[in-house]
Amino acid sequence: MRSHINTSEPIRLVLSGGIGAGKSTVAGMLAAKGAHIIRADEVGHAVLERGGGAYASVAARWPGCLVDGRIDRARLAVVVFSDREELAALEAITHPAIGRLILSEIETVGDRPIVVEVPVHASFVDPRWVRVLVDAPQELRLERAVSRGADAEDVLRRMAAQPSRSARLQWADHVIENSGTLGELSRQVEELWETFVAAAEAPQTG
């Protein structure tokens, strides 16, 4: 894992994790500490709406996923999460549009700490930002997703389309292990936050 904290700029984190890992829970904890949270999934939904930055290209590429002129994300998911080439094609269309909206929002935030929650290692996030991975065993992630009402086969299909655990660990600067209690998770988030706040507040030398 890389290990760096850039103290010359405001706190900027990229938060990732597989389905059911708990990254949204961690994002909520960071929001409670004052971080501005940008959820790439929500931005991704926006770019697929009529008039959104990716709507026209996606509608033209997958016309069978249109229902009453709107992109049916469930139909689209069945197509792309069953075929890596289709998923790559979708990401090539949507990621630039998502990136533009995220950068636009970042510009309005100023020096406030920012956390961008991403489901995968997205190219639209500044590579200089610190990468935080929320990790948990696949069996536990599947159990959590199904307990929230997701279909097990669909979850497994999406998991297979996402980067492997080893790839995620290699990507990460910091790992939060979320296979224990909520209290244990909260303590790890607190330690992470204190590390970055202390670094940001440290006097600059040189």
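Residues numbered from 1 in each chain as written. Predicted model: local features only at pLDDT ≥ 70, side-chain atom pairs only at ≥ 80, totals over all residues. Heavy atoms only, no water.

Draft legend 1. Examining the nonpolar core more closely. Core analysis: the biggest nonpolar cluster contains 31 residues, and V58, L76, I102 and V116 have the highest contact counts within it. Where this core is concerned, the elements lending two or more residues are α2 (40-48), α3 (55-61), α4 (73-80), α5 (84-109) and β5 (114-118). Considering each element in turn, this core owes the most residues, seven residues, to α5. (Core = buried A, V, L, I, M, F, W, Y, C linked by side-chain atoms within 4.5 Å. Buried < 20%, exposed > 50% of the residue type's maximum accessible area, 1.4 Å probe, protein only. Helix = DSSP H or I, 4+ residues; strand = E, 2+ residues; numbered from the N terminus.)

Draft legend 2. The arrangement of helix α1 (residues 23-32) in detail. Here α1 has its buried residues at K23, V26, A27, M29 and L30. Buried residues in α1, looked at end-on, bunch into an arc of 160 degrees, giving them a common side. Directly beyond the C-terminal end of α1, a positive phi value near 110 degrees is found at G34. (Arc of directions from axis to C-beta.)

Draft legend 3. Structural context of the sheet that holds strand β1 (residues 12-16). One open sheet holds the five strands; their spatial order is β2-β5-β1-β6-β7, and the pairing between them is parallel. Only two strands of the sheet have a single neighbouring strand rather than two, namely β2 (36-39) and β7 (174-177). If you compare each strand with its neighbour and ignore which way they point, the axes differ by 25 degrees on average. Two elements, strand β6 (residues 130-135) and β7, share four bridges in a ladder whose sense is parallel. Bridge pairing in β7 places L133 opposite V175. (Pairing = 2+ DSSP bridges. Axes fitted to C-alpha atoms, helices over the stretch in contact; angles between N-to-C directions.)

Draft legend 4. Structural view of the pattern of salt bridges. Applying the stated criterion across every chain, the model contains nine salt bridges. Salt-bridge contacts for E49 lead to R70; the nearest nitrogen and oxygen are separated by 2.3 Å. Highlighted residues: E49 in the loop between α2 and α3 and R70 in strand β4 (residues 70-71), separated in sequence by 21 residues. For R73, the salt bridge is made with E49, and the minimal N-O distance between the two is 3.9 Å. (Salt bridge = Lys/Arg side-chain N within 4 Å of Asp/Glu carboxyl O.)

Draft legend 5. Representation of the packing of α2 against α5 within the structure. One way to put it is that α2 packs onto α5 with a least axis distance of 9 Å and a crossing angle of 115 degrees. Considering their axes alone, α2 and α5 lie roughly perpendicular with respect to each other. The two elements α2 and α5 meet at a crossing, and its hand is right-handed. Only T94, A97, I98, L101 and I102 of α5 make contact with α2, whose side of the interface consists of A40, V43, G44, A46, V47 and L48. (Parallel < 35°, antiparallel > 145°, perpendicular 65-115°, else oblique. Left-handed = near helix turned anticlockwise from the far one by under 90°. Contact = heavy atoms within 4.5 Å.)

Draft legend 6. Region of the structure containing the pairing of β6. Counting buried residues in β6 gives six out of six residues, a clear majority hidden from the surface. Where burial is concerned, the two faces of β6 agree: the one with V130, V132 and V134 and the one with R131, L133 and D135 are both buried. Where β1 meets β6, four bridges bridge the pair, whose relative direction is parallel. Counted as the bridge partner of L13 is V130 from β6.

Draft legend 7. Layout of unusual backbone geometry. A positive phi angle, close to 55 degrees, is found at D68, a residue other than glycine. When you line up the elements, D68 lands in the loop between β3 (66-67) and β4. When its relative accessible area of 71% is taken as the criterion, D68 is described as exposed.

Draft legend 8. Spotlight on the side chain of D173. Examined against the element boundaries, D173 turns out to sit in the loop between α8 (165-171) and β7. At a separation of 2.7 Å, a polar atom in the side chain of D173 contacts the main-chain amide nitrogen of R131. (Polar contact = N/O pair within 3.5 Å; in protein donor to acceptor, adjacent residues only side chain to side chain.)

Draft legend 9. The arrangement of the environment of A160 in detail. With respect to the element layout, A160 can be found in helix α7 (residues 152-161). Accessibility expressed as a relative area gives 47% for A160, which makes it partly exposed. Along the chain, A160 and F81 lie 79 residues apart, while their C-alpha atoms are 8.1 Å from each other.

Draft legend 10. The arrangement of α5 in detail. Here α5 spans 35 Å end to end across 26 residues, near enough to the 38 Å set by a 1.5 Å rise per residue. In α5, a bend of some 30 degrees at T94 exceeds every other bend along the element, and P96, a proline, comes one to four places later. Restricting attention to buried positions, one finds in α5 the residues E86, L87, L90, T94, H95, A97, I98, G99, I102, I106 and V109. Here the buried face of α5 lies against β2, α2, α3, α4, β5 and α7. (Expected span 1.5 Å × (residues − 1). Bend = angle between axes of the 7 residues up to and from the residue.)

Read these as spatial facts, not as claims about activity.
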